[in-house]
Amino acid sequence: MRSHAAREEKRTNRSRTGSEDGLAKAIEIVVTPAIFAAAGFGLDRWWGTGPWLALSFGVVAFIMKLLVEWYRYAERMQVHEADIAASRPSGQRGIDRSAGIDEPASLPTGVSLEADTASTPTQS
C-alpha cells in the first residue's frame, strides 16, 4: 500500500506535468494544421489550383489532430480509472461487498426495519 506522502508527490508531479503538457498540446493543435495549410498553399501556388489544397490540408490536419488527442485522452482516463479501482480499499460497503447494514442479521437486537404503526401519531 502506498503512503500518503507518495500519493501526494505523484499527484503534484502529475499536475505539474499536466499543465506543461496542456500548453504543448494546445500549441500543437494550432501549429500542425498551419504547417499543413502552408504546404498546401505552396502546392496551390506551384500547380495554380487556388486555395483548395491549403484549405483541405489545414482542415484535414486539424480534424486528425483532434481525433488523436481524443484517443490519447480516452486512454489516459482508462489508466486513471484503473489506478483508482486498484487503490480502492476492499472489504468495505460497496459493489464488491454483498452484506450490508440493511440486512436484518446485522441490526442490533430489538431493532427492526419494519414501520412501527403503534408509535406513529394519528391525526383526528
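The rules behind each value
Residues numbered from 1 in each chain as written. Predicted model: local features only at pLDDT ≥ 70, side-chain atom pairs only at ≥ 80, totals over all residues. Heavy atoms only, no water. Salt bridge = Lys/Arg side-chain N within 4 Å of Asp/Glu carboxyl O. Helix = DSSP H or I, 4+ residues; strand = E, 2+ residues; numbered from the N terminus. Buried < 20%, exposed > 50% of the residue type's maximum accessible area, 1.4 Å probe, protein only. Patch = residues over 30% accessible without salt bridge, like charges linked within 9 Å, V, L, I, M, F, W, Y side chains within 5 Å. Areas by Shrake-Rupley, 256 points an atom, 1.4 Å probe, with all protein chains shown as cover. Contact = heavy atoms within 4.5 Å. Expected span 1.5 Å × (residues − 1).

### Concerning the pattern of salt bridges
- In the structure shown here, the tally under the stated rule is four salt bridges.
- Put simply, E69 and K25 hold a salt bridge, and the shortest N to O gap is 3.9 Å. Here the residue E69 occupies a position in helix α2 (residues 52-87), and K25 occupies one in helix α1 (residues 4-47), the gap between them amounting to 44 residues.
- Exposure remark for E69: the relative accessible area of 13% places this residue in the buried category.

### With respect to a nonpolar patch on the surface
- A contiguous nonpolar patch, built from V59, V60, F62, I63, M64, L66, L67, W70, Y71 and Y73 and spanning about 1000 Å² of accessible area, is present on the exposed surface.
- With respect to the element layout, Y73 can be found in helix α2.

### A short note on the side chain of K25
- For K25, a relative accessible area of 17% translates into the label buried.
- The residues contacting K25, other than those within four sequence positions of it, are E69 and R72.

### Brief notes about α2
- Between its first and last C-alpha, α2 extends 53 Å over 36 residues, near the 52 Å set by a 1.5 Å rise per residue.
- Among the residues of α2, A54, G58, A61, K65 and E69 are the ones counted as buried.

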